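Working through the structure, step by step
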Amino acid sequence: MTAKAYLVMRARLPWWWRAYMYGVAITCWLTGAEPDWPKVSDKIIKAARFHVEAKK
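Only a predicted model underlies this, so the values are computations on that prediction, with no experimental measurement involved.

1. Here we look at the overall build of the protein chain
- Helices and strands together make up the secondary structure of the protein chain, namely two helices and two strands.
- Ordered by position from the N terminus, the helices and strands of the protein chain form the series β-α-α-β.
- The globule rule puts the C-alpha radius of gyration for 56 residues at 10 Å, and the 17 Å found for the protein chain is more than 25% above it.
- When its C-alpha atoms are laid out on the principal axes, the protein chain stretches across 60 × 20 × 15 Å.
- Counting every position in the protein chain, which comprises 56 residues, the buried fraction comes to 14%.
- Long-range contacts, defined here as pairs at least 24 residues apart, represent 80% of the contacts in the protein chain between residues at least 6 apart.
- Carbon and sulfur atoms make up 63% of the accessible area of the protein chain, which amounts to about 5,400 Å² in all.
- When the 10 positive and 4 negative side-chain charges of the protein chain are each reduced to one mean point, those points stand 13 Å apart.

The structure is reproduced here in C-alpha cells:
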C-alpha cells in the first residue's frame, strides 16, 4: 500500500520587501556595481515566513 501526499509551501514576505528590492536596484543603477547577492538573499530569507502543509 502506498500513500500519496502533496506538499504545499507558502511564503509570506514582509511589507518592506518590495521597497528593499527597489532600493537595491536603484543603488546598483546609480553606482554601476552588482549587489552582494548572498547578503541580499540572506536578509530576505531571514525575514520570510514559510508554512508547509501536506495534502492528500
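2. What to know about helix α2 (residues 37–47)
- Buried within α2 we find Val-40, Ile-44 and Ala-47. Seen along its axis, α2 keeps its buried residues to an arc of 70°; they face one direction. The exposed residues of α2 that point more than 90 degrees off its buried face are Pro-38, Lys-39, Ile-45 and Lys-46.
- Packed against the buried residues of α2 are α1 (17–31) and β2 (49–55).

3. Some thoughts on the packing of aromatic side chains
- Overall, the coordinates contain one aromatic pair when judged by the stated rule.
- Ring centres of Trp-16 and Tyr-20 lie 6.0 Å apart, and the angle between their planes is 85°; this geometry places the pair in the edge-to-face category.
- Assessed through its relative accessible area of 22%, Tyr-20 is described here as partly exposed.

4. A word on the environment of Val-24
- Note on placement: Val-24 falls in helix α1.
- Among the residues examined, Val-24 registers a relative accessible area of 13% and is labelled buried.
- C-alpha separation for the pair Val-24 and Pro-38, spaced 14 residues apart in sequence, amounts to 13 Å.
- The contact partners of Val-24, leaving out residues within four places of it in the chain, are Pro-35 and Val-40.

Rules used throughout
- Residues numbered from 1 in each chain as written.
- Predicted model: local features only at pLDDT ≥ 70, side-chain atom pairs only at ≥ 80, totals over all residues.
- Heavy atoms only, no water.
- Helix = DSSP H or I, 4+ residues; strand = E, 2+ residues; numbered from the N terminus.
- Rg over C-alpha atoms; globule rule 2.2 N^0.38 Å.
- Buried < 20%, exposed > 50% of the residue type's maximum accessible area, 1.4 Å probe, protein only.
- Contact = heavy atoms within 4.5 Å.
- Areas by Shrake-Rupley, 256 points an atom, 1.4 Å probe, with all protein chains shown as cover.
- Lys, Arg positive; Asp, Glu negative; His and termini not counted.
- Charge placed at Lys NZ, Arg CZ, Asp CG, Glu CD.
- Arc of directions from axis to C-beta.
- Phe/Tyr/Trp six-rings, centres within 6.5 Å; stacked < 30°, edge-to-face > 60°.

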